[in-house]
Amino acid sequence: MTSTVTSTVTRAARGAVEIGVPGQFDLTAAARFLEGFTPAARPDAAEEPGTLRFAFPLPGSWVHCGARVRQRAPGAVEVSVVAGKSDVAEVPDAAEVARHVARILSLDVDGSGFGAVGERDPVVAALQQRYPGLRPVLFTSPYEAACWAIIGQRIRFGQAALFKQRIAEARGTRLDVDGRPLWSFPAPAELLAMPAPPWLPEIKVDRLRAAAEAALDGRLDPAALRAAEPEDALEALRALSGIGAFSAQLILIRGAGHPDVFPRDERYLLEEMRRAYDRPGASVADLATIADAWCPYRSWVALLFRVNRGHHATPEGGEPRRDGRAD
């Protein structure tokens, strides 16, 4: 079962929302991860310790918004809406923005039991000690995760990130987020209106438009995906154009933020587990059985393995070179 969502708004005033965080969390660790996370293209994320900035279209209304996140104490973060698109009548609600920021930083999951996983598994304990306070940092929405999976199909990480940034600059919105210029990825309607770029294959353009339509229809709603049984959610995601098993897991885990799914189709994760547990011949079923001891944080532990592999096995820092490709 998914861990209970327990983050609570303890104060809301002047556009600032304070969120209580059950369990260990370090915003600086999250920023360092984001700095090396190629799909987000945020090399400046960790420049100001204890502060992180986001720009994204708010799922549902799809209004572009900018948010500043600060952590002044271990058990709380403050989210402030500090930018918005000026030519829209609807102003982003601070509490709604904070709710999605909590999902993006995995603060909407009770992490107080995460340490117990390490008590059961010494391999996990070593990773928790190496990356204290690191929780999964997600795409801003399942919609954006689906777009990344489609863009990245059969091309290298860096090229996919460049194409994603080009789309953001062509059809998205540039916001001044507390003094930092950030590009907000195009909202679904903006992506649907995008002329086909000459540097993107037609099949990918068609699939991106299908993802945008799915977002507008509610089929990529993060709360709905989280509330469904994981296999049901994955099946629904696999029904989308261009989305196979690997990409469906990416969207559910790194888009919707489901904390307890074992990504059995991530080849680099499986390789890292075989190395860490000294089980070179272990099958996927064997590794899934090992991961059962990580419940209800299988997604979280999987991230630690992938980050660890990125630090010792790949040149791109934080993620294996092929991780994030569509099927």
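None of these values were measured; they are calculated from a predicted model. (Residues numbered from 1 in each chain as written. Predicted model: local features only at pLDDT ≥ 70, side-chain atom pairs only at ≥ 80, totals over all residues. Heavy atoms only, no water.)

Draft legend 1. Focus on the pattern of salt bridges. Counted by the stated rule, this structure contains 14 salt bridges. In this structure, Asp-178 and Arg-53 form a salt bridge, with 3.2 Å as the shortest nitrogen-oxygen distance. Of this pair, Asp-178 sits in the loop between strand E6 (173-177) and strand E7 (180-184) while Arg-53 sits in strand E3 (residues 51-57), placing them 125 residues apart in sequence. Look at Asp-178 and you get partly exposed, because its relative accessible area is 29%. The salt bridge involving Arg-226 is made with Asp-108; its shortest N-O contact spans 3.2 Å. Highlighted residues: Arg-226 in helix H9 (residues 222-227) and Asp-108 in the loop between helix H2 (94-104) and helix H3 (114-120), separated in sequence by 118 residues. A relative accessible area of 12% places Arg-226 in the buried class. Asp-108 sits in the buried class, given a relative accessible area of 12%. Connected through shared salt-bridge partners, Glu-48, Arg-53, Arg-68 and Asp-178 make up one network. (Salt bridge = Lys/Arg side-chain N within 4 Å of Asp/Glu carboxyl O. Helix = DSSP H or I, 4+ residues; strand = E, 2+ residues; numbered from the N terminus. Buried < 20%, exposed > 50% of the residue type's maximum accessible area, 1.4 Å probe, protein only.)

Draft legend 2. Looking closely at a negative patch on the surface. The grouping of Glu-229, Glu-231, Asp-232 and Glu-235 at the surface amounts to a negative patch. Mapped onto the secondary structure, Glu-229 falls in the loop between H9 and helix H10 (230-238). (Patch = residues over 30% accessible without salt bridge, like charges linked within 9 Å, V, L, I, M, F, W, Y side chains within 5 Å. Areas by Shrake-Rupley, 256 points an atom, 1.4 Å probe, with all protein chains shown as cover. Lys, Arg positive; Asp, Glu negative; His and termini not counted. Charge placed at Lys NZ, Arg CZ, Asp CG, Glu CD.)

Draft legend 3. Region of interest: the side chain of Arg-68. With respect to the helices, strands and loops of the structure, Arg-68 is situated in strand E4 (residues 64-73). Owing to a relative accessible area of 13%, Arg-68 belongs among the buried residues under this scheme. For Arg-68, the side chain forms a polar contact with the side chain of Asp-178, separated by 3.3 Å. Leave out the neighbours within four places in its chain, and Arg-68 touches Thr-51, Leu-52, Arg-53, Glu-78, Val-79, Ser-80, Val-82 and Asp-178. (Polar contact = N/O pair within 3.5 Å; in protein donor to acceptor, adjacent residues only side chain to side chain. Contact = heavy atoms within 4.5 Å.)

In short, geometric facts, not functional conclusions.
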